[in-house]
Amino acid sequence: MAAKKLSETFSKSLIDEVHKWGLMKQNGVSLRYMMEFGSKPTEKNLLISSQFLHKELPIRIARRAIELESLPYGLSSKPAVLQVRDWYVDSFRDLRAFPEIKDTNDELAFTQMIKMIKVRHNNVVPTMALGVQQLKKDLSPKIMQPVDEIHQFLDRFYMSRIGIRMLIGQHVALHDPNPAPDCVGYIHTKMSPMEVARNASEDARCICMREYGSAPNINIYGDPNFTFPYVPTHLHLMVFELVKNSLRAVQERFMDSDKIAPPVRIIVADGLEDVTIKISDEGGGIPRSGLPKIFTYLYSTAKNPLDEYSDMGSSDGVTMAGYGYGLPISRLYARYFGGDLQIISMEGYGTDAYLHLSRLGDSQEPLP
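Residues numbered from 1 in each chain as written. Predicted model: local features only at pLDDT ≥ 70, side-chain atom pairs only at ≥ 80, totals over all residues. Heavy atoms only, no water.

### Topic: the nonpolar core
Ranked by internal contacts, the top residues of the largest apolar core, which has 102 residues, are M128, Y158, L235 and L355. When residues in this core are grouped by element, the largest group, 13 residues, is from helix α8 (residues 147–173). (Core = buried A, V, L, I, M, F, W, Y, C linked by side-chain atoms within 4.5 Å. Buried < 20%, exposed > 50% of the residue type's maximum accessible area, 1.4 Å probe, protein only. Helix = DSSP H or I, 4+ residues; strand = E, 2+ residues; numbered from the N terminus.)

### Details of the state of the cysteines
This structure, assessed with the given rule, holds 0 disulfides. C206 carries a free sulfur, and the closest cysteine sulfur to it, the one in C208, is 10.0 Å from it. (Disulfide = S-S within 2.5 Å.)

### Observations regarding the pattern of salt bridges
Under the definition given, this model contains 16 salt bridges. Here R60 ties to E56 by a salt bridge, and the two come within 2.8 Å at their closest N and O atoms. Here R60 pairs with E56, and both are found in helix α4 (residues 43–69), just 4 residues apart, close to one helical turn. For the pair R60 and E56, a shared accessibility class is recorded, and that class is buried. In this structure, R93 engages D90 in a salt bridge whose closest nitrogen and oxygen atoms are separated by 2.9 Å. You can see R93 and its partner D90 sitting in helix α5 (residues 79–97), 3 residues apart, about one turn around the helix. By relative accessible area, R93 is classed as partly exposed at 39%. (Salt bridge = Lys/Arg side-chain N within 4 Å of Asp/Glu carboxyl O.)

### Observations concerning the packing of aromatic side chains
A complete count under the given rule lists 12 aromatic pairs for this structure. Here a set of aromatic residues connected by ring pairs shows up, and it is made of Y88, F153, F157, Y158, Y297 and Y325. Here R331 stacks its cationic end above the ring of F295, 3.9 Å away from the centre of that ring. (Phe/Tyr/Trp six-rings, centres within 6.5 Å; stacked < 30°, edge-to-face > 60°. Lys NZ or Arg CZ within 6 Å of the ring centre and 35° of its normal.)

### Description of the packing of helix α10 (residues 232–254) against helix α11 (residues 326–336)
Where α10 contacts α11, the two axes come as close as 9 Å, and the packing angle between them is 145°. Handedness of the crossing formed by α10 with α11: left-handed. Together, H234, L237, M238, E241, L242 and N245 of α10 and G326, L327, S330, Y333, A334 and Y336 of α11 make up the contact between the two elements. (Axes fitted to C-alpha atoms, helices over the stretch in contact; angles between N-to-C directions. Left-handed = near helix turned anticlockwise from the far one by under 90°. Contact = heavy atoms within 4.5 Å.)

### Some details on the pairing of strand β5 (residues 264–270)
Consecutive side chains along a regular strand alternate between the two faces of the sheet. Note: strand β3 (residues 218–221) against β5, 4 bridges, orientation parallel. Considered in β5, the bridge of I218 is made with V264. With 6 bridges joining them, β5 and strand β6 (residues 274–281) adopt antiparallel strand pairing. What sits directly across from D270, in β6, is V275. Two successive antiparallel strands, β5 and β6, enclose a turn made up of 3 residues. (Pairing = 2+ DSSP bridges.)

### Side note on the environment of I277
Positionally, I277 belongs in strand β6. When residues no more than four places from it in sequence are discounted, the contact partners of I277 are P193, L235, V239, I266, I267, V268, A353, Y354, L355 and L357.

### Some remarks on unusual backbone geometry
The backbone of Y73 sits at a positive phi, close to 60°, despite the residue not being glycine. Tracing the chain through its elements places Y73 in the loop between α4 and α5. A relative accessible area of 38% places Y73 in the partly exposed class. The backbone of D182 sits at a positive phi, close to 65°, despite the residue not being glycine. For D182, the location among the structural elements is in the loop between α8 and β1 (183–184).

Any functional reading would require information beyond the geometric quantities listed.
Have a look at this one:
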């Protein structure tokens, strides 16, 4: 155990403080609240927002730091996981050391600091992936049973991270002196799902072209004039991931055949409660026995492109395979604002992914 325990890296008083804050209640916010609150980013509102974050972020971060200490199967002592834990404790310390926010100067200084915190945590996902891979090497294939516990931990951990990054990103974006029309921070109040789906699928198609030299066509159906409030970066990330998987499946299936590769179809439906985006391919499908695996974090056969990871995660290394986190993380993004992601497959034919997004924006953040 060369790994340093918390107590060797950080002072006892700091660790006690982490545990104290980790017991406090988290406060969730809804998409609608963020949108209405941010629509008039006056100095007073920015002050209120920063005071909220000054209290809320340490609670959320402390919870994760504590959980990182007590993971099953020795995952906590893996070097990559210790690295992540240190980032969380450092960020907790920065937030707690920041004095009470009384005026606009304090608020601006606070905003710079949380911006730095967000950057510090940019590579949390691939670094945790590395930790899980380090663990995988140790476990005999027989005990891949712990996957459940680790999977539930990672779901909570990444869901919480989405929330923290949304809150920080939203607060920082409200300082933009000339926001794009209809944008409130990260939220686009008149987002066209057709347009975002088109951009994301073009991005995915470029990667497919680069990897395979050709790519199936993509047809998109829906009302191009329909808009609703949502976070375009989140939707882009999810559609990109799903389309990339579909293109890869079709490409692999038709690569050596003289048949023309069938197109991937995207259908955008606007209901009263939900906006649903269906992505259908004829890439041969997944056997039913393999379906539960596609949402686990230990499934990918691909290598970890840690070195080429960028902030929003929309470029997971620009490889077609990524490192197996695309689906579970996309599902968390969908659930974060009250939606969901379901995959239905017909083995021997193809796969349909249903991405449901809540149109109402009323659901509270999930707070693991």
